[in-house]
Amino acid sequence: MMTSRITRRSALKRMAATGIAAPFAYRAYAHVAPSETLNHASFGANGQALSDIHALTGSKNLKLVAVADVDLSRTADVRKQYPDAKIYQDWRELLDKEKHLDSVNVSTPDHMHASITMRAMKQGLHVYTQKPLTQTIYEARQLTLVAREKKIVSQMGTQIHSHEVHKTVVATIQAGAIGKVKEVHSWSGKKWGDKNPRPNRKDDVPDDLNWDFWLGVAADRPFIKGYYHPSEWRKRLDFGTGTFGDMGCHILDPVFTSLALTAPKSVRSEGGEPNADCWGLDSQVLYTYPGTKYTADTVTLTWYDGDKRPPAEVKDQIGKLGLSDQGSIYIGTEGVLYSRYIEAPLLLPADKFKAYKLPKQEGADHYLQFVEACRGNGKTTTPFDYSGNLTESVLLGCLATRFPQKSLEWNAEKLAVTNVKEANEFVRRKYRKGWEVEGL
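Residues numbered from 1 in each chain as written. Predicted model: local features only at pLDDT ≥ 70, side-chain atom pairs only at ≥ 80, totals over all residues. Heavy atoms only, no water.

Peer 1: Would you explain the overall build of the chain in this entry?
Peer 2: Broken down by element type, the chain carries 15 helices and 15 strands. For 440 residues, the compact-globule formula gives about 22 Å, and the C-alpha radius of gyration of the chain, at 21 Å, lands near that figure. Considering only C-alpha atoms, the chain reaches an extent of 60 × 55 × 35 Å along its principal axes. Sorting the 440 residues of the chain into buried and exposed places 58% on the buried side. If you take every contact in the chain between residues at least 6 apart in sequence, the share linking residues at least 24 apart comes to 72%. If you sum the accessible surface of the chain, you get close to 18,400 Å²; carbon and sulfur atoms cover 49% of it. Of the side chains in the chain, 59 bear a positive and 51 a negative charge, and the two mean positions are spaced by 2 Å. (Helix = DSSP H or I, 4+ residues; strand = E, 2+ residues; numbered from the N terminus. Rg over C-alpha atoms; globule rule 2.2 N^0.38 Å. Buried < 20%, exposed > 50% of the residue type's maximum accessible area, 1.4 Å probe, protein only. Contact = heavy atoms within 4.5 Å. Areas by Shrake-Rupley, 256 points an atom, 1.4 Å probe, with all protein chains shown as cover. Lys, Arg positive; Asp, Glu negative; His and termini not counted. Charge placed at Lys NZ, Arg CZ, Asp CG, Glu CD.)

Peer 1: Teacher, can you tell me more about the side chain of Arg236 here?
Peer 2: With respect to the helices and strands, Arg236 occurs in the loop between helix 9 (211–215) and helix 10 (242–251). Here Arg236 falls in the buried class, since its relative accessible area comes to 4%.

Peer 1: Explain the sheet that holds strand 5 (residues 126–129) here, please?
Peer 2: Hydrogen bonds between backbone groups are what pair the strands of a sheet, and the pairing can be parallel or antiparallel. Spatially, six strands are ordered 3-2-1-4-5-6 in an open sheet, and the strand pairing comes out parallel. Where the open sheet ends on each side, the last strands, each with one partner, are strand 3 (86–88) and strand 6 (154–156). Strand-to-strand twist in this sheet, taken as the mean axis angle between neighbours without regard to direction, amounts to 20 degrees. Examined bridge by bridge, strand 1 (residues 38–43) and strand 4 (residues 103–106) share four bridges and lie parallel to one another. Along strand 4, the bridge assignment pairs Ser42 with Asn105. Each of strand 1, strand 2 (62–68) and strand 4 is contacted by helix 3 (residues 48–57), which is oriented at about 160 degrees to strand 2, the strand it contacts most. Taken strand by strand, helix 15 (residues 384–400) contacts strand 5 and strand 6, and its axis lies near 35 degrees from that of strand 6. (Pairing = 2+ DSSP bridges. Axes fitted to C-alpha atoms, helices over the stretch in contact; angles between N-to-C directions.)

Peer 1: Whenever I open this one, the pattern of salt bridges confuses me. Can you help?
Peer 2: The final tally for this structure, using the stated rule, is 24 salt bridges. The shortest N-O distance in the salt bridge between Arg148 and Asp385 comes to 2.5 Å. Note that Arg148 is positioned in helix 7 (residues 137–149) and Asp385 in helix 15, a separation of 237 residues in sequence. Between Glu343 and Arg340 there is a salt bridge; the shortest N-O distance is 3.3 Å. (Salt bridge = Lys/Arg side-chain N within 4 Å of Asp/Glu carboxyl O.)

In structure tokens, the structure reads:
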């Protein structure tokens, strides 16, 4: 049994160990001619980007031909492992010069996802973009529309979507095991926020880092060592999306899929508001969604992060099992499903479901699925038509934390909060002059 505390990289290793990942699956396509190999570029060279590169190039049908990273000191591993790949510091230059690309992955800080993805799609390239798909709701909508219009193969990097245990959650809910779902409670123990003000200092920019390129669409500001780059940017309002943006697209993915959720009618934050520069801690956000065939007439979804957790009456639904560090509880008319993150779901009360057999589901390799879809074999399961909607909802929750104790009424068609006008300032961001991208 997997533990509830697990990282994306360890999840991929476990997926590989169970036969879901590259070595097992790729052999089925070993007959494909070299001429059918995808020429691929990565935006990002280290951290999650390097993990994505390894997973994608695990297919013999994809070749890494170029990489762009604003910090050349972080390209050493790529240079060593992929010596034929060209290295760029400016992502725009890569797209200008590499004329024979087929596909890209966008594995940068959140604030640059939309610009790079949009530009790549405008050039007809297939895109694998890390979650959250974008940093603003407007960007997510625009990427969805352009991917659909240009018939781009797209995939958001929520690889857990393809894991067998999350597919089991979906199948169990949709089979009606717990009846119509009335409410869902989801949480993450991560703490991508900061209550402290921005340090009042300016540090020297390292020689290998182009700070202007790193800022990209964001407003200019001084470099502060260790405050943004390479790993603390998720906490900062202009660059990341906090704990909710980081983990919401993972943990809420099976919720959205199993319940076939559309756009929420309203959202309300009970706390965890940001300061002038950083996302807050200990968020609690309540959504109200219109019903679907898998839910009651109206269904509520509550998100908690940091030290926040569901209330006692919800915890009582799972008895002595205790809450995992990350997960969801689905409360239905006929029972409860407890989904610990990347673990097999549990149906409660145990006595009622002791003879129930969970629907057997097979996992898939999320990355291989993208590669093969680009080659015309099958389809992706988190295309922007799906993941754009999920991202919009998650980012609406992030937006709501700026307006605690206010119920925001949401008009998805117009991308507008209808009752708190000042909230609409955060639906779309203003790009820094010189960093505008057509379509955004």
